[in-house]
Amino acid sequence: MESSIYGTEGEGANPTGAQPVGAQVNGHSFSPVPVTLGPDKKPKVPMIIAGVFAVLGIISFIIATSAGSQAVELWSDLDGSEYTKEVGSSFDAVHTDEDNAGEFGWGIFIAAEYTDSDSNGMVDACEEFELTVTNNGIDVTESAFMMTCEYKEGNNSATYFGLDGKIQVGTVCGTLEVDQDCDIGSTYTVSNNASATMFLLDFEDLFGPLVEESIGLGIAVAGGGFAGCCSICIGMIALIVGLLRFSKGKQPQVAYQMQ
């Protein structure tokens, strides 16, 4: 019986013909060494990217939310008192439209209680009140005036504009309204049949700056929301890549290296 480095049995001692560790073949030795195939991809970089974009997304959403809150507050807490003046029972006003985009018009108010005692759907003070608008002596009330005396409980527009103790009887030359038509540069005379003192609120002076500011806030809301969504999406993709690298890391493989 012959002996070998695999054992003392003669048959089956080396059935595959594999060379043992340190075996010599034609003067060369072979040793199994661990070799990592392919680049070693780390999950650290994707995780950092995910964190950065998550922070950017949160900041963007905060900016968008803040701008939205400012816009709501801007329109919910109006103070028209500084744009309101007492004009007596009759006054003349020139219709202007600097940007040629239409005007919000003049709000006409009187001192009265916002009530509807007979439940007919009209504010009591408006029932005996009649307003007339003329242009060069021609009655243009029908085309230049819109009455706003409809009663809706808890919905007094004068209170909304910060004019407590008053009611709005209508709007003159609000050319943004389809039914109102006034010529630019023309003078309009507004009077009432009850010789009641009227108060004029120029809606253009009140709303003009608010609209401009609202446009800026709207852009901030849209931009912040868009940037936030994009940042979160990119962050999620980076997070998924990082997690995949955690779970599918490259394992070292054994190969024979000639020495």
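Remember, it's a predicted structure, so these values are computed and weren't measured experimentally.

Topic: the overall build of the chain
Right, on to step 1. Secondary structure summary: the chain contains four helices and 12 strands in total.
Right, on to step 2. The proportion of buried residues among the 259 residues of the chain is 30%.
Right, on to step 3. For the chain, contacts bridging at least 24 residues in sequence account for 79% of all contacts bridging at least 6.
Right, on to step 4. Roughly 16200 Å² of accessible area belongs to the chain as shown, and the carbon and sulfur atoms make up 56% of that amount.

A word on the packing of aromatic side chains
Aromatic rings in a pair are described by how distant their centres are and how their planes are angled relative to each other.
Right, on to step 1. Under the criterion given, the structure shown has four aromatic pairs.
Right, on to step 2. Each ring, one from Y160 and one from F161, has its centre 5.3 Å from the other, and the planes form 65°; the classification is edge-to-face.
Right, on to step 3. Each residue in the set F109, Y160, F161 and F203 is aromatic and connected to the rest through ring pairs, giving one cluster.
Right, on to step 4. The aromatic ring of F199 is capped on one face by K166, whose charged end is 4.6 Å from the ring centroid.

Let's talk about the nonpolar core
Right, on to step 1. Grouped together as the largest cluster of nonpolar side chains are 26 residues, with contacts concentrated most on L131, V133, V169, V172 and M198.
Right, on to step 2. Put simply, the parts of the chain that give this core at least two residues each are β4 (90–94), β5 (106–111), β6 (131–135), β9 (166–172), β10 (187–192) and β11 (198–202).
Right, on to step 3. If sequence neighbours within four positions are ignored, L131 has contacts with I108, T141, F145, V169, V172, V190, S191, N192 and M198.

Here's the deal with the state of the cysteines
Right, on to step 1. Under the defined criterion, the tally for this structure stands at two disulfides.
Right, on to step 2. In this model, C126 is linked to C149 through a disulfide, with the two sulfur atoms separated by 2.0 Å. Torsion about the S-S bond of the C126 and C149 cystine: about -65°, corresponding to left-handed handedness. In this pair, C126 sits in the loop between β5 and β6 while C149 sits in the loop between β8 (145–147) and α3 (157–160), placing the two residues 23 residues apart along the sequence.
Right, on to step 3. The exposure class of C149 is buried, given its relative accessible area of 3%.
Right, on to step 4. Across a sulfur-sulfur distance of 2.1 Å, C173 and C182 are joined as a disulfide pair. Sign of the S-S torsion, about -85° for the bond between C173 and C182, identifies this disulfide as left-handed.

A look at the side chain of K166
Right, on to step 1. Here K166 shows up in strand β9.
Right, on to step 2. E86 is the oppositely charged side chain nearest to the buried, salt-bridge-free K166, at an N-O distance of 8.0 Å.
Right, on to step 3. In contact with K166, not counting residues within four places along its chain, are F109, I110, A111, A112, N156, A158 and F199.

Overview of the confidence of the model for the chain
Fine structural detail should not be taken from predicted coordinates in areas where pLDDT scores are low.
Right, on to step 1. Residues at a pLDDT of 70 or more form 59% of the chain, whose mean pLDDT is 74.
Right, on to step 2. The secondary structure element of the chain with the lowest average pLDDT is strand β12 (residues 253–258), at 48, and the one with the highest is β6, at 95.
Right, on to step 3. A low-confidence stretch, residues 253–259 (pLDDT under 50), is modelled with 23 contacts involving residues beyond four sequence positions or located in other chains.

Here we look at the environment of F199
Right, on to step 1. With respect to the element layout, F199 can be found in strand β11.
Right, on to step 2. Sequence separation of F199 and G107 is 92 residues, and the distance between their C-alpha atoms is 8.0 Å.
Right, on to step 3. Residues in contact with F199, not counting those within four places in the same chain, are T84, K85, E86, V87, G107, I108, F109, I110, A111 and K166.

Here we look at the sheet that holds β6
Right, on to step 1. Reading across from one edge, β4-β10-β6-β7 is the order of the four strands in this open sheet, with antiparallel pairing throughout. The outermost strands of the open sheet, each flanked by one partner alone, are β4 and β7 (138–139).

Quick look at the side chain of N156
Right, on to step 1. Within the secondary structure, N156 is located in the loop between β8 and α3.
Right, on to step 2. A polar side-chain atom of N156 sits 3.2 Å from the main-chain carbonyl oxygen of K166.

Points about the pairing of β6
Right, on to step 1. Of the two faces of β6, the one lined by L131, V133 and N135 is fully buried and the one lined by T132 and T134 carries no buried residue.
Right, on to step 2. Where β6 lies against β7, two bridges are found, and the strand directions are antiparallel. Each bridged residue has a counterpart across the sheet, and for N135 the counterpart in β7 is I138.
Right, on to step 3. Linking two consecutive strands that pair antiparallel, namely β6 and β7, is a turn of two residues; a positive phi of about 55° is found at N136 within it.

What counts and how
Residues numbered from 1 in each chain as written. Predicted model: local features only at pLDDT ≥ 70, side-chain atom pairs only at ≥ 80, totals over all residues. Heavy atoms only, no water. Helix = DSSP H or I, 4+ residues; strand = E, 2+ residues; numbered from the N terminus. Buried < 20%, exposed > 50% of the residue type's maximum accessible area, 1.4 Å probe, protein only. Contact = heavy atoms within 4.5 Å. Areas by Shrake-Rupley, 256 points an atom, 1.4 Å probe, with all protein chains shown as cover. Phe/Tyr/Trp six-rings, centres within 6.5 Å; stacked < 30°, edge-to-face > 60°. Lys NZ or Arg CZ within 6 Å of the ring centre and 35° of its normal. Core = buried A, V, L, I, M, F, W, Y, C linked by side-chain atoms within 4.5 Å. Disulfide = S-S within 2.5 Å. Lys, Arg positive; Asp, Glu negative; His and termini not counted. Salt bridge = Lys/Arg side-chain N within 4 Å of Asp/Glu carboxyl O. pLDDT = per-residue confidence, 0-100. Pairing = 2+ DSSP bridges. Polar contact = N/O pair within 3.5 Å; in protein donor to acceptor, adjacent residues only side chain to side chain.

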